[in-house]
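Read off the chains here:
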Amino acid sequence: MGLFAFALGAISVPALATDVAEKHLLLELNKVESVGGDCRTTWVVKNTTGTNLETMKLDFVAFDTDGIVVRRVIADMGPIHTEHTRVKLFDLKEINCGNVGRVLMNGVRTCEGGSAAVAPGLCADNLQTATRAAVPFTQ
């Protein structure tokens, strides 16, 4: 009987770890493209935290190819409900995309749910960054 209980525990632990690992907020820099004299950034946000986020404002910083800060943007990414994916566009005004060396996820300014309270660190603690663009995106 003890061996059977141990075997059940061994089976359920990886399942639990997978469930916890899948609960995140994915923020992907999907594309950068020149539009007029601006650099348009396209973002994909996927919420699998299990919590509806009515308001989510993120702080981004763009650096040039020499590592100098060229723009800071507070981007409103919400609302993003649980199990949903959204695409957002933000322009870096008067910046040539070829001069953007990297983008830094500098912090979470606001992360709020609807009627339910949201833990203060929900967005920051579960945030995962990725990029498909030629520009590195880090946190």
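Computed from a predicted model, the values in this text were never measured in an experiment.

### Focus on the sheet that holds strand E7 (residues 127-131)
Now for step 1: Read from one edge of the open sheet, four strands run E5-E2-E1-E7, paired in mixed fashion. Each edge of the open sheet carries a strand with a single partner, namely strand E5 (84-92) and E7. Strand-to-strand twist across the sheet, computed as the mean angle between neighbouring axes with direction ignored, equals 25°.
Now for step 2: For strand E1 (residues 25-35) and E7, the ladder comprises five bridges, and the chain directions are parallel. The residue bridging leucine 26 from the neighbouring strand is glutamine 128, located in E7.

### Focus on the state of the cysteines
Now for step 1: Evaluated as defined, the whole model comprises two disulfides.
Now for step 2: Note on cysteine connectivity: cysteine 111 is disulfide-linked to cysteine 123, with sulfurs 2.0 Å apart. For the disulfide bridge between cysteine 111 and cysteine 123, the dihedral angle about the S-S bond is near 65°, and by the sign convention the bridge is right-handed. You can see cysteine 111 sitting in strand E6 (residues 100-112) and its partner cysteine 123 sitting in helix H2 (residues 122-126), a full twelve residues away along the chain. For the residue pair cysteine 111 and cysteine 123, the accessibility class agrees, reading buried in each case.
Now for step 3: Each disulfide in the protein links cysteines that, numbered along the sequence, combine into the pattern 1-2, 3-4.

Cut-offs applied
Residues numbered from 1 in each chain as written. Predicted model: local features only at pLDDT ≥ 70, side-chain atom pairs only at ≥ 80, totals over all residues. Heavy atoms only, no water. Pairing = 2+ DSSP bridges. Helix = DSSP H or I, 4+ residues; strand = E, 2+ residues; numbered from the N terminus. Axes fitted to C-alpha atoms, helices over the stretch in contact; angles between N-to-C directions. Disulfide = S-S within 2.5 Å. Buried < 20%, exposed > 50% of the residue type's maximum accessible area, 1.4 Å probe, protein only.

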